[in-house]
Amino acid sequence: MKKNYFLFLIIVWGLTFVSPVILSAKVTDTRDIELRSLLPVRAWLDNRVVYVSFFELPAEATVSILDAEGNLVNVCQYQSPEVISFPIVEGEGTFRIEIKYDSNIFIGEFELK
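These numbers come from a predicted model, not from an experiment.

Novice: What's the story with the overall build of the chain in this structure? I'm lost.
Specialist: Across its full length, the chain carries two helices and eight strands. Counting from the amino terminus, the chain carries its helices and strands in the arrangement α-α-β-β-β-β-β-β-β-β. Residue pairs in contact within the chain that sit at least 24 positions apart in sequence constitute 45% of those at least 6 positions apart. Total accessible area on the chain stands at roughly 7,700 Å², and carbon and sulfur atoms take up 57% of it.

Structure representation (structure tokens):
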């Protein structure tokens, strides 16, 4: 019984890393955003929406998107986020994402066409 329970937990844990896009029927363009960090945060891009997933639930998180020149495109603060969706309406080119919570700062770059 314990072996089955452990196997079930491993499967559920593994599915948390599967992008919601893979689980849906629509065809999309999903790309991971490489953050300069080890795990506690994952970011990925689906068309023009940036998603951020936290493996450790922070009390408060700030997500900023900056363009190639360093101009702030958008910034939002979230309380106890698990997954954040962040649409980018305008612009093309290279963007930078900054995710801040507690004393952690994670930075990554992505491109929109």
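Novice: Can you help me understand the environment of Ile 97 in this one?
Specialist: Among the secondary structure elements, Ile 97 is positioned in strand β7 (residues 93-101). Classification of Ile 97 as buried rests on a relative accessible area of 0%. Separated by 47 residues in sequence, Ile 97 and Val 50 have C-alpha atoms that sit 9.1 Å apart. Excluding its chain neighbours within four sequence positions, the residues that come into contact with Ile 97 are Ile 33, Leu 35, Val 50, Val 52, Val 63, Ser 64, Ile 65, Phe 106, Ile 107, Gly 108 and Phe 110.

Novice: It is not clear to me how the sheet that holds β7 should be interpreted in this structure. Could you clarify?
Specialist: Strand pairing in a sheet is mediated by backbone hydrogen bonds. Such pairs are either parallel or antiparallel. Pairing is antiparallel across the open sheet formed by four strands, whose spatial order is β5-β4-β7-β8. Since the sheet does not close on itself, it has two edges, and those belong to β5 (72-79) and β8 (104-112), each with one partner. Adjacent strand axes in the sheet meet at a mean angle of 15° when their direction is disregarded. Where strand β4 (residues 60-67) and β5 come together, seven bridges link them in antiparallel fashion. Bridge pairing in β5 links Thr 62 to Gln 77.

Novice: Help me understand the side chain of Ser 53, please; the structure alone is not making it clear to me.
Specialist: Along the polypeptide, Ser 53 turns up in strand β3 (residues 49-54). Once residues lying within four places of it in the same chain are set aside, the contact partners of Ser 53 are Pro 40, Val 41, Arg 42, Trp 44, Glu 82 and Val 83.

Procedures and definitions
All chains use their own residue numbering, which begins from 1 and follows the written sequence. Local features in this predicted model are restricted to residues of pLDDT 70 or higher, and side-chain atom pairs are both shown and tallied only at a pLDDT of 80 or more, whereas totals for entire chains, interfaces and linings draw on every residue. Here the side-chain values reflect all heavy atoms present in the structure, with hydrogen atoms and water set aside. Runs of H or I in DSSP of at least four residues are treated as helices and runs of E of at least two as strands, each being numbered from the N terminus. Between two residues, a contact is recorded if the distance between any of their heavy atoms is within 4.5 Å. Surface accessibility follows the Shrake-Rupley procedure with a 1.4 Å probe radius. Residue values consider only the protein chains on display as shielding. Only protein chains enter the accessibility calculation, which uses a 1.4 Å probe; a residue whose area is less than 20% of its type maximum is buried, one above 50% is exposed, and one in between is partly exposed. Paired strands, in this sense, are two strands between which DSSP finds at least two bridges. To get an axis, fit a line to the C-alpha atoms, keeping to the stretch in contact for a helix; angles then go from 0 to 180 degrees between the N-to-C directions.

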